[in-house]
Amino acid sequence: MLQRMAKKEMVKPLLGNESEIHQYDLQKITVGILGTGDFARSLAARLVCSGYSVIVGSRHPKRTASLFPTANEVTSQREAISKVNIIFIAVYHEHYSTLSELRDVLTGKILVDVSNNMQVNVYEESNAEHLASLFPGCTVVKAFNVISAWALQFGARDGNKQVLICSDSQEARCIVAEMTRNMGFNPVDMGSLSSAKEIENLPLRLFPSWKIPVLLALALFVFFYIYNFIRKVIHPYLMKGQNTFYKIPIDLVNVTLPCVAFVMLSLVYLPGVLAAILQLRNGTKYKCFPRWLDQWLQQRKQLGLLSFFCATLHAVYSLSLPMRRSARYYLLNDAFTQIKNDKDNAWVEEEVWRMEIYLSFGILAIGVLSLLAVSSLPSVAGSLNWTEFSFIQSRLGYTALVISTLHTLTFGWCRAFESAQYKFYLPPTFTIALIVPCIVLLAKVYLFLPFVNRKLTRIRRGWEVNRQVKFHEAGDVSHFSDFNAENTSIV
Ligand code: NAP
């Protein structure tokens, strides 16, 4: 049976006309499901919608038959198994052993293990490998555990579309992959059954790629919040007896968020700069980066999205500032003071210009950051070619960093040079926030210097300091030979 189905799969044309494909799709088989729980019911519904016939095997078929639509046959476990060749085992790992009495009918069949555990690495071997060891006469395939019962019920349009599949039998993998496609999901071949543990651990991980970026963002937030709290609340309280604790919920958060957003954005581009400097120092691109740098490079998207999140919150907080009671009181008090001092015009030309430019840079920065965030969505990124994607993520990303730097500089204006701004000898917050972005921008300028850029470009195209490789850059043949001669030992 297995071989017959796999052969059918192999003879299927890679590019056929639509009617041929349709014809193939209609040749659906009957599949079995053991278990009548949430997953089994959703799976049965999806299989029926995809044109398959389904036989459900239950320990209590009379009691559970009403849970399924009439299109599904609900019968005893033994009878269901005897009628099909592919059986989804929709029961928990701890109940596998209760299926032992069915070993004789299960032999020779494909068992699709859909199970998950409650914790990562709870058992020494994966559930699928455990099932395979209990039923050595069967072919076990791990699949569908990454899809929830909910996603199965409502179809691939409302949830994760990828189904990771692994099995020691390539034929069985092919059959389950084809079924997956017919059900509207994307099969991902993960190879042999030894990958099952990795696949089983996947649904249990809580945003693994976000852990470090989120912790970093939180750490930066706490640092800048405390820094601002000391400068804006503790200092006036201790030095002048002023109560400014009302600033805690909005004002302090609003001055902290842009610092986090700005530093996080610079941390998106710092690893790229470090990687370039390492390549220049090593004189080759064929030397592995340190592990921490590799990981950092892989988490740039998350860092960028968190930066965008903080910048957006900062924009919303800023818009809410005039709505606060405290802002209205300050405005009124300023007006009274002006009247008392018999002053009829409070216009300060320099301040007006500073604010106009500062706000304009802020709006531009958030606009460019929005473009970067949108282009990181898989559906948008997938529609861009490599040049377009790298243009947006690199050029536009640096543009966002430059505009954010200008936004911060116009906010600071000349305050960095006023001694009154150094509360408890602490420099203004914006000067601290500027450190990493300025390092990144200066390093980028260095990498753009013609002689550095030329060397880096060569390295990235395969040239190595210690190896003589025939390399011709368009219109630049002699340069390379001269340059190379200084450094090489001939290979
Ligand atoms: P469930 O609602 O508790 O159903 C489990 C079913 O197992 C029962 O309905 C029962 O059906 C059957 N069963 C067979 N032998 C059993 C025994 N000795 N003791 C108890 N029950 C036994 O669980 P579920 O949510 O459908 O999950 C089933 C499997 O799918 C699990 O391995 C789970 O990890 C996996 N899964 C579930 C989801 C989800 O969203 N729910 C997602 C991915 C994977 P009968 O009484 O009719 O025999």
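The rules we used
- Residues numbered from 1 in each chain as written.
- Predicted model: local features only at pLDDT ≥ 70, side-chain atom pairs only at ≥ 80, totals over all residues.
- Heavy atoms only, no water.
- 1 Å grid on protein atoms, 1.4 Å probe; cavity = no way out; pocket = protein on both sides within 12 Å on 5 of 7 lines; lining within 4 Å.
- Points joined across faces, edges and corners; volume = space filled by probe spheres on them.
- Helix = DSSP H or I, 4+ residues; strand = E, 2+ residues; numbered from the N terminus.
- Nonpolar A, V, L, I, M, F, W, Y, C, P; charged D, E, K, R; others polar.
- Phe/Tyr/Trp six-rings, centres within 6.5 Å; stacked < 30°, edge-to-face > 60°.
- Buried < 20%, exposed > 50% of the residue type's maximum accessible area, 1.4 Å probe, protein only.
- Lys NZ or Arg CZ within 6 Å of the ring centre and 35° of its normal.
- pLDDT = per-residue confidence, 0-100.
- Contact = heavy atoms within 4.5 Å.
- Pairing = 2+ DSSP bridges.
- Axes fitted to C-alpha atoms, helices over the stretch in contact; angles between N-to-C directions.
- Core = buried A, V, L, I, M, F, W, Y, C linked by side-chain atoms within 4.5 Å.
- Polar contact = N/O pair within 3.5 Å; in protein donor to acceptor, adjacent residues only side chain to side chain.
- Near = heavy atom within 4 Å.
- Areas by Shrake-Rupley, 256 points an atom, 1.4 Å probe, with all protein chains shown as cover.
- Patch = residues over 30% accessible without salt bridge, like charges linked within 9 Å, V, L, I, M, F, W, Y side chains within 5 Å.
- Salt bridge = Lys/Arg side-chain N within 4 Å of Asp/Glu carboxyl O.

Explain the layout of surface pockets to me, please; I cannot follow it from the model alone.
A probe as big as a water molecule, rolled over the atoms, marks out the empty space that is left. The computed volume of the second largest pocket comes to approximately 1200 Å³. Tyr269, Arg300, Ser390, Gln393 and Ser394 are, among the 35 residues lining the second largest pocket, the residues nearest its centre. For the lining of the second largest pocket, the secondary-structure elements that each account for two or more residues are α12 (251-282), α14 (300-320), α16 (349-375), α18 (386-412), α19 (429-448) and α20 (450-460). The leading source of residues in the lining of the second largest pocket is α18, at 9 residues. Residues belonging to the lining of the second largest pocket are distributed by class as follows: 21 nonpolar, 9 polar and 5 charged.

Where do I start with the packing of aromatic side chains in this structure?
The geometry of two aromatic rings is summed up by the distance between their centres and the angle between their planes. Inspection of the entire model under this criterion finds 12 aromatic pairs. Taken together, a centroid distance of 5.6 Å and an interplanar angle of 45° make the contact between Tyr358 and Phe411 tilted. One end of the pair, Tyr358, is in helix α16; the other, Phe411, is in helix α18, and 53 residues separate them in sequence. Assessed through its relative accessible area of 12%, Tyr358 is described here as buried. Overall, Phe411 belongs to the partly exposed group, its relative accessible area being 28%. Members of the aromatic cluster, joined through ring pairs, are Phe88, Phe144 and Phe185. For the cation-ring pair, Lys444 lies above Phe448, with the distance from its terminal atom to the ring centre recorded as 5.4 Å.

Looking at this model, I keep getting lost on the confidence of the model for the protein. Mind explaining?
Note that predicted coordinates carrying low pLDDT should not be read in detail. Mean pLDDT over the protein works out to 89, with 88% of the residues at or above the 70 mark. Within the model, the stretch residues 6-26 combines pLDDT values under 50 with 14 contacts to residues more than four positions away or in other chains. In this model, residues 474-491 is a region of pLDDT below 50 whose contacts with residues beyond four sequence positions or in other chains number 28 contacts.

Just checking my understanding: could you explain the sheet that holds strand β6 (residues 139-142) for this structure?
Hydrogen bonds along the backbone pair up the strands of a sheet, which may run parallel or antiparallel. Taken in spatial order, the 8 strands line up as β3-β2-β1-β4-β5-β6-β7-β8 in an open sheet, and their pairing is mixed. Looking at strand neighbours, the two that pair on one side only are β3 (73-76) and β8 (186-189), the edges of this open sheet. Strand-to-strand twist across the sheet, computed as the mean angle between neighbouring axes with direction ignored, equals 30°. Of the pairings in the sheet, the one linking β6 to strand β7 (residues 162-167) comprises 2 bridges and is antiparallel in character. Each residue of the ladder has a partner; that of Val141, found in β7, is Ser167. Most of the contacts of helix α3 (residues 38-49) go to strand β1 (residues 30-34), to which it runs at about 170°, and overall it touches β1, β2 (53-58) and β4 (86-89). Strands β1, β4, β5 (110-113), β6, β7 and β8 of the sheet are contacted by helix α9 (residues 170-182), whose axis makes an angle of about 165° with β7.

How should the environment of Ser326 be read in this particular structure?
Tracing the sequence through the fold places Ser326 in helix α15 (residues 325-340). Sequence-wise, Ser326 and Tyr246 are 80 residues apart; in three dimensions their C-alpha atoms are separated by 8.4 Å.

It is not clear to me how the nonpolar core should be interpreted in this structure. Could you clarify?
Grouped burial of nonpolar side chains is what soluble globular proteins tend to show. The biggest cluster of nonpolar side chains holds 59 residues, and the ones touching the most others in it are Ile33, Leu47, Phe88, Ile89, Leu111 and Phe144. In this structure, Ile89 is in contact with Leu34, Tyr96, Leu99, Leu111, Val112, Val114 and Leu131, ignoring residues within four places of it in sequence. Ranked by size, the runner-up nonpolar core spans 49 residues in total, among them Leu220, Val233, Leu252 and Leu306.

Would you mind going over the side chain of Arg324 with me for this structure?
Examined against the element boundaries, Arg324 turns out to sit in the loop between α14 and α15. Residue Arg324 is classed as buried on the basis of its relative accessible area of 19%. Looking at Arg324, its side chain comes within polar contact range of the main-chain oxygen of Leu321, at 3.1 Å. Here Arg324 is in contact with Ile250 and Asp251, once residues within four sequence places are set aside.

In this structure, what is going on with unusual backbone geometry? I would like to understand it.
Both trends apply: most residues other than glycine have a negative phi, and most peptide bonds are in trans. The phi angle at Asn121 is positive, at roughly 50°, despite the residue not being glycine. You can see Asn121 is positioned in the loop between β5 and α7 (127-134). By relative accessible area, Asn121 is classed as partly exposed at 45%. Even without a glycine there, the phi angle at Phe424 is positive, about 50°. The residue Phe424 is located in the loop between α18 and α19 in this model. Assessed through its relative accessible area of 35%, Phe424 is described here as partly exposed.

So what exactly am I meant to see when it comes to the site of the ligand here?
Contacts to the ligand come from 20 residues, most closely from Thr36, Phe39, Ser58, Arg59 and Asn116. At 2.8 Å, a backbone N or O of Phe39 approaches an oxygen atom of the ligand. Side-chain polar atom of His95 to a nitrogen atom of the ligand: 3.4 Å apart, as the coordinates give it. Bound to the protein, the ligand loses 81% of the 890 Å² it would expose on its own. By residue class, the composition of the shell around the ligand is 7 nonpolar, 11 polar and 2 charged.

Sorry, what's going on with the environment of Ser194 here?
By the element assignment, Ser194 lies in the loop between β8 and α10 (196-201). Separated by 68 residues in the primary sequence, Ser194 and Ser126 have C-alpha atoms spaced 8.1 Å apart.

How do you make sense of a nonpolar patch on the surface when you look at a structure like this?
Nonpolar side chains collect at one region of the surface, where Tyr237, Leu238, Met239, Phe245, Ile248 and Phe424 lie side by side and expose about 570 Å² of accessible area between them. Relative to the assigned elements, Leu238 resides in helix α11 (residues 211-240). Judged by its relative accessible area of 56%, Leu238 is exposed.

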